[in-house]
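Geometric and topological summary
Spelled out, the chains give:
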Amino acid sequence: MSSSLDLDGLAEALGERGRRDEPLAHYTAMRVGGPADLLIICEGVSEVVEAVSLARRFRVPWRLLGGGCNVLVSDRGVEGLVIVNRADGATFNPAKGTARVEAGALLSGVARQAVEHGLAGLEWAVGLPGTVGGAIVGNAGAFEGDIASVLYSAMVLGPEGEVVERPAGWFEFGYRSSRIKQGETGQDEERYVVLAGAFKLEPGREDSLKARMEEILEWRRTRHPSGATMGSTFKNPPDSHAGYLIEQAGLRGYRVGGAQISELHGNFFMNTGTATADDVLVLIEYTQHEIRRRFGIELELEIELVGW
Ligand SMILES: Cc1cc2nc3c(=O)[nH]c(=O)nc-3n(C[C@H](O)[C@H](O)[C@H](O)COP(=O)(O)OP(=O)(O)OC[C@H]3O[C@@H](n4cnc5c(N)ncnc54)[C@H](O)[C@@H]3O)c2cc1C
């Protein structure tokens, strides 16, 4: 990847924490993706703030990564700094019905912890891969729940380096979208980072909440393929399901190189072990073409393309 004085300056400032030419396949659920020029794993919120501030100071492009579950990273990798967020502190207040969680915490684990504290509202998130930050950015949801319905506010790092609390309404949540997701394609200087989320939950009975989570996990186990995947590749078009359309088009099991449409679920694209990101993108584009040709429907990506 590119080398520049700025990158060298940033690498020096990050010291041993910065990893050069780190393969991103290790950090994505699809297990594809070329190297990041520079990568840092942050275990605390202040480290995330510092990494972004340094990247801005050295004018190096940067990109946050949570669990890497909703991204397709190009085989050519990502220019600049990739910041892997593993800041995962969490506090629960059953009396007030609230939880405050750092953005690098795994959402599914937070859902379990909430139930252990007798707090209801996040059961839908059990088994949903990825971090709280990634979930807020993409307004993740399942089983008639989503982030928009439980988030009260979030602490964000803004374009000027300010750390501020923003109410949920500020995020302009839509179906698998937020103002931050839409802004991801914008300039680095304008981009926000989610540092922590505050959730409004309700008291609930631990045994019945646990039973509901078991049902959800069983549903995922039987309906979703296991293996390297990004989950749903496409958003559901109005009044239809992307997976259903793909299956009706006869594309179940269709393969390009090492990338394959799951036999179990048409909207899940799998890495059979040898896929490149190019294979996956060709499969995505072929699927979009076939659905357009057969049904006149435009399939919009739910996943994000990174480094293309
Ligand atoms: C098997 C499987 C099942 C899935 N099922 C579901 C489902 O039922 N419902 C659903 O909604 N999704 C589902 N997904 C998709 C995925 O789990 C969610 O989109 C998840 O919320 C992504 O979180 P992440 O931490 O992996 O985000 P990443 O993929 O790491 O990042 C996604 C985007 O958010 C940005 N980002 C990440 N963290 C931050 C931050 N702190 N601040 C600013 N930007 C940030 C990244 O730069 C990127 O643009 C599934 C995925 C898989 C693999």
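How each quantity is defined
Residues numbered from 1 in each chain as written. Predicted model: local features only at pLDDT ≥ 70, side-chain atom pairs only at ≥ 80, totals over all residues. Helix = DSSP H or I, 4+ residues; strand = E, 2+ residues; numbered from the N terminus. Rg over C-alpha atoms; globule rule 2.2 N^0.38 Å. Contact = placed C-beta atoms within 7 Å. Pairing = 2+ DSSP bridges. Axes fitted to C-alpha atoms, helices over the stretch in contact; angles between N-to-C directions. Expected span 1.5 Å × (residues − 1). Buried ≥ 20, exposed ≤ 12 C-beta atoms within 10 Å, placed from the backbone. Arc of directions from axis to C-beta. Core = buried A, V, L, I, M, F, W, Y, C linked by C-beta atoms within 7 Å. Near = placed C-beta within 6 Å. Nonpolar A, V, L, I, M, F, W, Y, C, P; charged D, E, K, R; others polar.

Let's shift gears to the overall build of the protein. Helix and strand counts for the protein stand at eight helices and 19 strands. Since a compact globule built from 308 residues should have a radius of gyration of about 19 Å, the 20 Å found for the protein is in line with a globular shape. Each principal axis of the C-alpha distribution contributes one length, and for the protein these read about 55 × 50 × 30 Å. Once local pairs closer than 6 in sequence are excluded, the contacts in the protein between residues at least 24 apart make up 65%.

Strand order in the open sheet made by the four strands is S1-S2-S5-S3, with mixed pairing throughout. Since the sheet does not close on itself, it has two edges, and those belong to strand S1 (19-23) and strand S3 (62-65), each with one partner. Taking each pair of neighbouring strands and ignoring which way they run, the sheet shows an average axis angle of 45 degrees. Pairing of S3 with strand S5 (residues 78-85) involves four bridges; the strand directions are parallel. Each bridged residue has a counterpart across the sheet, and for Leu65 the counterpart in S5 is Val84. Packing against the sheet, helix H2 (residues 45-57) makes contact with strand S2 (35-42), S3 and S5, and its axis sits at approximately 165 degrees to S5.

Looking now at helix H8 (residues 277-295). If you check H8, its first and last C-alpha atoms are 27 Å apart, about what 19 residues at 1.5 Å a residue would give, namely 27 Å. Three or more residues of H8 are buried, namely Ala277, Asp279, Val280, Leu283, Ile284, Thr287 and Ile291. Projection of H8 onto a plane perpendicular to its axis shows the buried side chains occupying an angular sector of 155 degrees, all on one side. Opposite the buried face of H8, at more than 90 degrees from it, the exposed residues are Glu285, His289, Arg292 and Arg293. The secondary structure elements touched by the buried residues of H8 are strand S4 (71-73), helix H7 (242-248), strand S16 (255-256), strand S17 (259-261) and strand S18 (268-271). Where H8 ends, the next residue or the one after it, Gly296, has phi of about 65 degrees, a positive value.

The strand order across the open sheet built from five strands is S6-S7-S13-S11-S12, with neighbouring strands paired in antiparallel fashion. Pairing within the sheet leaves two strands with one partner each, and these edge strands are strand S6 (90-93) and strand S12 (163-167). The mean angle between the axes of side-by-side strands here comes to 15 degrees, regardless of whether they run parallel or antiparallel. In this sheet, strand S13 (residues 193-200) lies alongside strand S7 (residues 98-102) in antiparallel orientation, the contact comprising five bridges. Its bridge partner being in S13, Arg100 is matched across the sheet by Ala198. Along the sheet, H2 contacts S7, strand S11 (151-157), S12 and S13; its crossing angle with S13, the most-contacted strand, is approximately 145 degrees.

In this structure, Leu81, Ile83, Val110 and Val280 are the most contacted members of the largest nonpolar core, which totals 95 residues. Dropping the residues within four chain positions of it, Ile83 is found in contact with Ile40, Cys42, Val48, Ala51, Val52, Trp62, Leu64 and Leu65.

Time to look at the site of the ligand. The full set close to the ligand counts 34 residues, and Gly66, Gly130, Gly133, Gly134 and Gly231 are the nearest of them. Only S3, helix H4 (132-138), strand S9 (141-142), S13 and strand S15 (228-232) provide two or more residues apiece to the shell around the ligand. The element that contributes the greatest number of residues to the shell around the ligand is H4, accounting for five residues. Tallied by class, residues from the shell around the ligand come to 16 nonpolar, 14 polar and four charged.

The subject of this paragraph is the environment of Ser53. In this structure, Ser53 sits in helix H2. Distance from Ser53 to Glu160, taken between C-alpha atoms, is 9.2 Å for residues 107 residues apart in sequence.

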